[in-house]
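# Structure at a glance
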Amino acid sequence: MAEHVEQMEVFYLPSYSPELNPDERLNAGLKHAQGSRVALRTKTKLKQATENHMKDLEQRPDAVRAFFQDPKVKYAA
């Protein structure tokens, strides 16, 4: 970080603050997508469904940008 201090800004978050963390929005989206599918009863099926969801998300940058639209996480955009 010290080498790139002019290119970034550090934000210190409380130890537990899921509402401030864009990763939590990704996790919630994944859980929602998995919950709407047929029951994933094995680790293999769960892993494959998760990989498929992430590959789909990779092709949709608009969906990724949406994780950062909430005013609480705009600091990270």
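Counting restarts for each chain: residues are numbered from 1 in the order of the written sequence. At least 70 in pLDDT is required for a residue's local features to be given in this predicted model, at least 80 for side-chain atom pairs to be given and counted, and no such filter applies to totals for whole chains, interfaces and linings, which use all residues. Heavy atoms throughout the structure, all of them, feed into the side-chain values; hydrogens and water do not.

## Here's the deal with the confidence of the model for the protein
Stated formally: For every residue, the predictor states its confidence as a pLDDT score lying anywhere from 0 to 100. For the purposes of this entry, the term helix denotes a DSSP run of H or I that reaches at least four residues, the term strand denotes a run of E that reaches at least two, and both are numbered from the N terminus.
Of the residues in the protein, 96% reach a pLDDT of 70 or more, and the chain-wide mean stands at 85. By mean pLDDT, helix α1 (residues 22-35) is the weakest element of the protein at 85, and helix α2 (residues 43-58) is the strongest at 90.

## Regarding α2
Just so we agree on the cut-off: Helix span, expected: 1.5 Å multiplied by one less than the number of residues in the helix. Burial status follows relative accessibility: with a 1.4 Å probe on protein chains alone, a residue under 20% of its type maximum counts as buried, one over 50% as exposed, and anything between as partly exposed. Think of it as the arc spanned by the lines of direction from the helix axis to the C-beta atoms.
Spanning 16 residues, α2 covers 22 Å between terminal C-alpha atoms, matching the ideal 22 Å at 1.5 Å per step. Taken together, the buried positions of α2 are Ala49, His53 and Leu57. One face of α2 carries all of its buried residues, which in axial projection span an arc of 75°. Those residues of α2 that are exposed and angled more than 90 degrees off the buried face are Lys43, Thr44, Lys47, Lys55 and Glu58.

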